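# Tertiary structure, described
The residues making up each chain are set out below.
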Amino acid sequence: MTLPDAAKAAALLFVVAILQVSVFNSVTIFGGYPDVLLVTLIALSLLRGSLVGAIGGFFAGLVYDTATLGTLGFTSLLLLLAGYWTGRYGETTGRDKTHAPLLAVAVITVLYTILSLVLRFLLGEGESARSVLLHALPPELLLNLLVTVPLYAFTRWFVGARRVARAQEVQLIE
Amino acid sequence: MPRLRSPKLAVLGSSTQRSASYAPRTSSALRRRIVLGALVLASLVLITVYFRESNGGALHSIQGAGATVLSPFQVGAERVAHPFQDAYNWFRGLANAKSQRDQLRLANDRLRRQVIQYKSAQRENFTLRRDLGYVSGPKFPSSYVPVTAAVIAKPPSPFEQKIILGAGAANGVRYASPVVTSDGLVGRVTQVTRHTSQVTMLTDENSAVSAVDLKTNAQGIVRHAQGAGGTLFLDRVAKQDRVQVGDPVITSGWRTGTLTSLYPRGIPIGRVSSVSRSDTSLYTFVQVSPLVDFNALDSAIVLVRKAQAPHR
């Protein structure tokens, strides 16, 4: 990844993190709100790979935790794991599949929520798992899926199309 | 008849040695894993140190400085989005505007009658207090200086019921100051930086406020009802107290020796929405509907004690 590319990705994640904190966290529909930061990170990871996903997730999480005065490192850990996993999926089985962004967003949203519940529990800030999983997660999942296609298209337009190293050589074994 | 296959090399791009193509891939995978491991480790260290240190610790200070830097961006984003949010709320409000109007007309008539009664009672109260030389604790709102601030960050997740206000120590906000709106109590300040402050709302698991039912004088502690959205409940209400649906609940503002409640007496919290008793329970279970809409907070008022407030 070149320096301008990295700067573009960082700028995108910074702006989206600020928008998530200031705007989207209050757009409550059916008890949930769209996590555009997570969806943008997933789109970026699919387009740019696991390394960018992990570093971008860590950076976006730091901005998010700083802006919300939350536990520093908490969102970083969750987002870097989300970015890395999505990047690996994009580099391997998800490559060139049109449903990859939707599938990744669906799976990651569920895993992200469960992992954050577990982390909260470990930190002694446990919330009712039933309330989160049954009341907050379904609308959030739906809203995340709704914003996936436009956000993926925007991210691809902003940072450029996927650059994955193609196979240069195929050797047929005797 | 089986086809005969002979070993061959299918070259799609530039021909390279097989071993040469594996070496960079291996090193790339190794680099990827090292970066991932380092970032996970860094996150865990940050969480641990942040969690263990006090509010004045190094990471908290760095975060405070970072929040100050980010605050103008947050205010800008909030201002840009505000017209769109207003439009969204306007359309959403249209759906039940007519029924709300009728309800509000009835409420207005009732309140007009009450105001006349209260004015008379207030005058009587003032006279009696003066005659008795009555000494009371800090009064709301006369003993406080209001610091009004915009909400620049909303609750980061369903787990945390915390908001960030665009006013901090530089504006006179102090740790543990009560936060209200024109409707009622919101919560209290739990973290202060120079230009921002974090408010833990009543709907947070860790919030608790000593409160009183205004009609029956039943004492209790208002907490968040787990998994019940914005509903609160009045805990520790004695069974003999005849609390009824619709009773207003306000902060009790207790005082024991030199200790006083963080919240002054008289801040409205909500109305009793249900009351239930069981033979096995020691207390009455009282649900309270808050007066504040915690999901639609645009601004809030921090109450700073006059003795603590900076001179203006």
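All residue numbers here refer to positions counted from 1 along the written sequence of the relevant chain. For naming, the first written chain is A and the first written ligand is 1, with later ones following in the order written. Reporting in this predicted model follows two pLDDT cut-offs: at least 70 for local features of residues, and 80 or more for side-chain atom pairs to be given and counted; totals over whole chains, interfaces and linings ignore these cut-offs and use all residues.

## Topic: the overall build of chain B
A count of helical and extended segments in chain B gives 3 helices and 15 strands. Buried means a residue has 20 or more other C-beta atoms within 10 Å of its own C-beta, exposed means 12 or fewer, and partly exposed covers the counts in between; C-beta atoms are placed from the backbone. When the 312 residues of chain B are sorted by exposure, 31% land in the buried category. Every helix listed is a DSSP run of H or I at least four residues long, and every strand listed is a run of E at least two residues long, numbered separately from the N terminus.

## Details of unusual backbone geometry
Residues and elements named next belong to chain B. Of note, Ala 176 is a non-glycine position whose phi angle comes to about 75 degrees, a positive value. With respect to the helices and strands, Ala 176 occurs in the loop between β3 (162-165) and β4 (178-180). In this model, Arg 236 sits at a positive phi of 60 degrees, which is unusual for a non-glycine residue. Looking at the secondary structure, you find Arg 236 in strand β9 (residues 232-238). Given 14 C-beta atoms within 10 Å, Arg 236 falls into the partly exposed group.

## Notes on helix α6 (residues 129-159) of chain A
Residues and elements named next belong to chain A. The span you would expect from a helix comes to 1.5 Å times its residue count less one. With 31 residues, α6 ought to run about 45 Å at 1.5 Å a step, yet its terminal C-alpha atoms sit only 37 Å apart, falling short of that. Two axes enter the bend calculation: one fitted to the seven residues ending at the residue in question, the other to the seven starting there, and the bend is the angle between them. Of all the bends in α6, the greatest, near 45 degrees, is centred on Leu 137, and the proline Pro 138 appears no more than four residues after it. Buried within α6 we find Val 132, Ala 136, Leu 137, Glu 140, Leu 143, Asn 144, Thr 148, Leu 151, Tyr 152, Thr 155 and Val 159. By definition, residue pairs are in contact when their C-beta atoms, positioned from the backbone, come within 7 Å. Of the surrounding secondary structure, the elements contacted by the buried residues of α6 are α1 (3-22), α2 (36-48) and α5 (100-122). Positive phi shows up at Gly 160, right after α6, with a value of about 100 degrees.

## Quick word on α2(A)
Residues and elements named next belong to chain A. Given a rise of 1.5 Å per residue, 13 residues ought to cover 18 Å, and the 18 Å separating the end C-alpha atoms of α2 matches this to within 8%. Within α2, 13 of the 13 residues are buried, leaving the element largely enclosed by the surrounding structure. Once α2 ends, the next one or two residues include Gly 49, with phi positive near 100 degrees.

## Notes on the sheet that holds β4(B)
All names here are of chain B. Strands qualify as paired when DSSP identifies two bridges or more between them. Strand order in the closed barrel formed by 6 strands is β2-β3-β6-β5-β4-β15, and the pairing between neighbours is antiparallel. Ignoring strand direction, the axes of neighbouring strands in this sheet form an average angle of 45 degrees. Two elements, β4 and strand β5 (residues 185-192), share 3 bridges in a ladder whose sense is antiparallel. By the bridge assignment, Val 180 is partnered in β5 with Leu 185. To define axes, lines are fitted to C-alpha atoms, for helices over the stretch in contact only, and angles between the resulting N-to-C directions are given on a 0 to 180 degree scale.

## Details of the environment of B:Ser299
Following the sequence through the fold, B:Ser299 ends up in strand β15 (residues 299-305). As a C-alpha pair, B:Ser299 and B:Ala150 span 149 residues in sequence and 4.2 Å in three-dimensional space.

## Topic: the confidence of the model for chain B
All names here are of chain B. Confidence in the prediction of chain B, expressed as mean pLDDT, is 82, and 83% of residues score 70 or more. Summary of the metric used: pLDDT quantifies the predictor's per-residue confidence within the range 0 to 100. Here strand β1 (residues 9-11) is the element of chain B with the lowest mean pLDDT, 49, and β4 is the one with the highest, 93. Here the predicted complex scores 0.70 on pTM and 0.86 on ipTM.

## Some remarks on the packing of α1(A) against α2(A)
When two helices pack together, their arrangement is given by the angle between their axes and by how far apart the axes lie. Residue and element names in this part refer to chain A. Remark: α1 packs on α2, axes separated minimally by 9 Å, with the N-to-C direction vectors making an angle of 165 degrees. With respect to α2, the axis of α1 lies roughly antiparallel. Both α1 and α2 take part in a crossing whose hand is right-handed. Side by side, α1 and α2 meet where Ala 9, Leu 12, Leu 13, Val 16, Ala 17, Leu 19 and Gln 20 of the first sit next to Val 36, Leu 37, Thr 40, Leu 41, Leu 44 and Arg 48 of the second. When residue character is reported, Ala, Val, Leu, Ile, Met, Phe, Trp, Tyr, Cys and Pro are called nonpolar, Asp, Glu, Lys and Arg charged, and the others, Gly included, polar. In the contact of α1 with α2, the residues fall into 10 nonpolar, 2 polar and 1 charged. Oblique is the label for any angle not under 35 degrees, not over 145, and not in the 65 to 115 range, which are roughly parallel, roughly antiparallel and roughly perpendicular in turn. By convention the crossing between two helices is left-handed if the near helix lies anticlockwise of the far one by an angle smaller than a right angle, and right-handed if it lies clockwise.

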